[in-house]
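# Structural description and commentary
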Amino acid sequence: MDSHNNMTDALIYLGAAVVCVPLASRLKLGSVLGYLLAGCAIGPHVLGLVSDVHAIMSFAELGVVLMLFVIGLELDPKRLWELRRVVFVGGALQLVACSVCLLLGALAIGVPWQASLIAALALSLSSTAIAMQTMNERNLAKVPLGQAVFGVLLFQDLAAVPIMSVVPLLAPEASSEPFDPMNVVKGLAAIALVVGVGRYATRPMLQIAARTGLREVFTALSLLLVLGIAQVMALAGLSMALGTFLAGVLLAGSEYRRALETDIEPFKGLLMGLFFISVGMSIDFGLLANRPLLVLGLLLGFQALKIGALYAIGPKLEVAKPQRMLFAALLAQGGEFAFVVVGVARATHALPSDYEGILTLVVALSMALTPFLLLWCDRVDSRSADSQRADDEVENEGAQVIICGFGRFGQIVGRLLWASGIQATVLDHDPDQIELLRRFGFRIFYGDATRLDLLEAAGAGQAKLLVNAIDDQEESLELVDVVREKFPNLTILARARNVTHFFELHERGVEVIERETFEAALAIGRKALEQLGKRPFEAREMSDRFKRHNIKMLEQLSLHYHDEAKRLSMAKAGREELEAQFERDRAALRQSFEEAKGWQLDQGET
């Protein structure tokens, strides 16, 4: 009966995740929020499909253990040294500033100091999953803002382990228990064992597993290593996460680091998802319904204090003033480790049960609030940008070429023209990019290139060419429509992001279209043929023939762009025609080779 119930619960967990997580991702709310929503839906406070929350929570906490191991593996000493200031100085500043503000806020409303300190430490930690995923979606990971956020998150990951170790000491019963020196001895012995195994025994074991050539054996050993270390630490009364984190750090420079990450990642992701589902299940919506003003007041107060602290330390982390609110919004929510800290506090009775439920609810709601907070930041930034900077007054100096969009594609075109002595007027809407390029002497103006008045001021009526290098496909097509209607004699040279964009441009009468990755892909393909034994002239001929065939096929397909069945049929026929052509070429090449070989033999006999 138990196995039947376990199978039913597993189906419910998987079904809820499959439904909620893609939906949340599609709405740009993030997978973590999707897991939380899945847990809320199936939990005892909504549909009641699963009632035993704590049973699954203890198993799901292995996801946190695996996450700490992966974090340890990512701590390459060289990278850590490069980020030392933003990690250790900036991270410590963030943790102290947020903890002090939250501690004072909790004390001000009458919360006991032990509970206030636990809540402040837990809430000062942010969600690595939410912040990193958001930055990746917005391409912020490698810019200075992203480096600052990453450094703070990295320090929080490091600080989470000692925070979890401190929480039990704040329990009311902790001071009344007699000091047992054997506990210290066991703890030190466990840490020494982990360090010894990680430093001296792990690599030979992994080497033996790798020599078997069986991937499943290596995966099994990886899991055995992590879970075994976690169990050793648990038996010694220490944090399981601390042990696996130490093991990960010791293996950060190992040649098996990437293989370990690859093997652990699926289990970590699945168990972390299960962990968030269990957290969502534990959210007491009855508490929210019974005490809505208290919960919402604590949520708003928590967010206000943390955002204020983060905004204030922005200058110390060299975050530009326009980006400080975004920096604060990325880190304002409670994080994954807040749930872990609350769980440790619950297990050690360091936090009253009433506080525990409210704190868990506030953290979960803050995570759910983050996507909406980021959207609000975007709107504020766009309004402030519009109010602070109007479009530049473009000076028409009779340039023959207008370049619209000066990203990676437009820059190459512009640099080639300037190097050839041809002046061009450039329109772009990235203020930072404009200021940088102006320092290098480019004539570039801020503004929306699809605006008719801006195009007229740029001299579209007298120019010979317009290079459409705008990234956004809809804006690119809108620009073509405007130019075709108002400046019919202006020749358009356009960049196509993909085949669909190519068809849309071709349908609008644009004759000169270049797909942005096509030539580079052909060059790589040609080099691949050479590496595989083809002679350079043969590889080039095959590449050129493919290019001609591809362009011809696109022109034919564009006539039937809106007839999907016809396009599919023609594409299939085109592939068969190309294969037949290559087969004829190979036969002709073999024949010419045999003739050349026979001629050489005849010459030798002569």
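Residues numbered from 1 in each chain as written. Predicted model: local features only at pLDDT ≥ 70, side-chain atom pairs only at ≥ 80, totals over all residues. Heavy atoms only, no water.

## Description of the overall build of the protein
Looking only at helices and strands, one finds 26 helices and six strands in the protein. Looking at the protein as a whole, 44% of its 606 residues qualify as buried. Across the protein, the fraction of contacts at a sequence separation of at least 24, relative to all contacts at a separation of at least 6, is 73%. Accessible surface for the protein amounts to roughly 32,000 Å². Of this, 60% is attributable to carbon and sulfur atoms. (Helix = DSSP H or I, 4+ residues; strand = E, 2+ residues; numbered from the N terminus. Buried < 20%, exposed > 50% of the residue type's maximum accessible area, 1.4 Å probe, protein only. Contact = heavy atoms within 4.5 Å. Areas by Shrake-Rupley, 256 points an atom, 1.4 Å probe, with all protein chains shown as cover.)

## Observations concerning the packing of aromatic side chains
As enumerated under the stated definition, the model contains one aromatic pair in all. Aromatic side chains Phe406 and Trp418 sit 6.2 Å apart centroid to centroid with 90° between the ring planes, which places their arrangement in the edge-to-face category. Separated by twelve residues along the polypeptide, Phe406 in the loop between β1 (401–404) and α19 (408–419) and Trp418 in helix α19 bring together distant segments of the chain. The two residues Phe406 and Trp418 agree in class, both being buried. Positioned above the aromatic ring of Phe502 is the side chain of Arg515, whose terminal nitrogen or guanidinium carbon lies 6.0 Å from the ring centre. (Phe/Tyr/Trp six-rings, centres within 6.5 Å; stacked < 30°, edge-to-face > 60°. Lys NZ or Arg CZ within 6 Å of the ring centre and 35° of its normal.)

## Section: the environment of Asn468
Position of Asn468 among the secondary structure elements: in strand β4 (residues 465–468). Note on Asn468: relative accessible area 0%, which makes it buried. Asn468 sits 66 residues away from Ile402 along the chain, and the two C-alpha atoms are 8.5 Å apart. Once residues within four sequence positions are removed from consideration, Asn468 is found in contact with Cys404, Ser476, Leu479, Val480, Ile492, Leu493, Ala494 and Arg495. A polar contact of 3.4 Å, which involves the side chain of Asn468, links it to the backbone nitrogen of Ile470. (Polar contact = N/O pair within 3.5 Å; in protein donor to acceptor, adjacent residues only side chain to side chain.)

## Some thoughts on a negative patch on the surface
Negative charge collects at one region of the surface, where Asp448, Asp472, Glu474 and Glu478 lie side by side. Assessed through its relative accessible area of 66%, Glu474 is described here as exposed. (Patch = residues over 30% accessible without salt bridge, like charges linked within 9 Å, V, L, I, M, F, W, Y side chains within 5 Å. Salt bridge = Lys/Arg side-chain N within 4 Å of Asp/Glu carboxyl O. Lys, Arg positive; Asp, Glu negative; His and termini not counted. Charge placed at Lys NZ, Arg CZ, Asp CG, Glu CD.)

## Overview of the pattern of salt bridges
Across all of its chains, the model carries eight salt bridges by this definition. Across the salt bridge formed by Arg508 and Glu504, the nearest N and O atoms sit 3.0 Å from each other. A residue is classified by how much of its surface remains accessible, and Arg508, at 25% relative accessible area, is partly exposed. Residues joined by salt bridges that share partners form a network here, namely Asp481, Glu504 and Arg508.

## A closer look at the environment of Leu522
You can see Leu522 is positioned in helix α24 (residues 518–531). The class for Leu522 is buried, based on a relative accessible area of 10%. Separated by 25 residues in the primary sequence, Leu522 and Lys547 place their C-alpha atoms 7.9 Å from one another. Excluding residues within four positions of it along the chain, Leu522 makes contact with Ser543, Phe546 and Lys547.

## Structural notes on the nonpolar core
Membership of the largest hydrophobic core comes to 85 residues, with the highest contact counts inside it found for Ile118, Val149, Phe275, Phe327, Phe337, Val341 and Met367. Membership of the second largest hydrophobic core comes to 37 residues, among which are Ala16, Val50, Phe69 and Val70. (Core = buried A, V, L, I, M, F, W, Y, C linked by side-chain atoms within 4.5 Å.)

## Quick look at the sheet that holds β1
If you trace the six strands from one edge of the open sheet to the other, you get β3-β2-β1-β4-β5-β6, paired in parallel fashion. Two strands bound the open sheet, and with one partner strand each, they are β3 (444–446) and β6 (512–515). The average angle at which neighbouring strand axes cross in this sheet is 20°, direction not considered. One ladder, built from four bridges, connects β1 with β4; its direction is parallel. In the sheet register, Val401 faces β4, and the bridge partner there is Leu465. Contacts between helix α23 (residues 499–507) and the sheet are confined to β5 (491–496) and β6, with β5 contributing the most and set at about 165° to the helix. (Pairing = 2+ DSSP bridges. Axes fitted to C-alpha atoms, helices over the stretch in contact; angles between N-to-C directions.)

## Focus on the pairing of β1
Of the two faces of β1, the one holding Val401 and Ile403 and the one holding Ile402 and Cys404 are both buried throughout. Strand direction decides the pairing type here: β1 and strand β2 (residues 424–428), joined by four bridges, are parallel. From the neighbouring strand, Val401 faces β2, where its bridge partner is Ala424.

## What about the packing of helix α15 (residues 292–313) against helix α16 (residues 324–331)?
Where α15 meets α16, the axes come as close as 8 Å, and the angle between the chain directions of the two elements is 135°. Classified by the interaxial angle, the pair formed by α15 and α16 is oblique. Here the hand of the crossing between α15 and α16 comes out right-handed. Of α16, the residues touching α15 (which contributes Lys306, Ile307, Leu310, Tyr311 and Ile313) are Arg324, Met325, Phe327, Ala328 and Leu331. Per-class residue counts for the contact of α15 with α16 are eight nonpolar, no polar and two charged. (Parallel < 35°, antiparallel > 145°, perpendicular 65-115°, else oblique. Left-handed = near helix turned anticlockwise from the far one by under 90°. Nonpolar A, V, L, I, M, F, W, Y, C, P; charged D, E, K, R; others polar.)

## A closer look at a nonpolar patch on the surface
On the surface, Val96, Val100, Leu104, Leu107 and Trp113 cluster together into a nonpolar patch covering about 490 Å² of accessible area. If you tally residues by element for the nonpolar patch, the top one is helix α6 (residues 84–108), at four residues. With respect to the helices and strands, Leu104 occurs in helix α6.

## Some thoughts on the pairing of β5
Of the pairings in the sheet, the one linking β4 to β5 comprises four bridges and is parallel in character. Of the residues in β5, the one forming a bridge with Asn468 is Ala494. For the crossover from β4 across helix α22 (residues 473–486) to β5, the handedness is right-handed. Two elements, β5 and β6, share four bridges in a ladder whose sense is parallel. Residue pairing in the sheet places Arg495 in a bridge with Glu514 of β6. Where the polypeptide runs from β5 across α23 and back to β6, its parallel neighbour, the crossover connection is right-handed. (Right-handed = clockwise from strand over helix to strand, strands pointing away.)

## Digging into unusual backbone geometry
Look at Glu318: it is not a glycine, yet its phi comes out positive at around 60°. Within the secondary structure, Glu318 sits in the loop between α15 and α16.

## Some remarks on the confidence of the model for the protein
Mean pLDDT over the protein stands at 76; residues scoring 70 or higher make up 78%. The secondary structure element of the protein with the lowest average pLDDT is helix α26 (residues 564–605), at 53, and the one with the highest is α15, at 91. (pLDDT = per-residue confidence, 0-100.)

## Overview of the side chain of Gln156
Relative to the elements of secondary structure, Gln156 occurs in helix α9 (residues 144–166). Residue class for Gln156 comes out buried when judged on its relative accessible area of 2%. Ignoring sequence-local partners within four residues, the contact set of Gln156 consists of Gln94, Ser124, Leu125 and Ser126.

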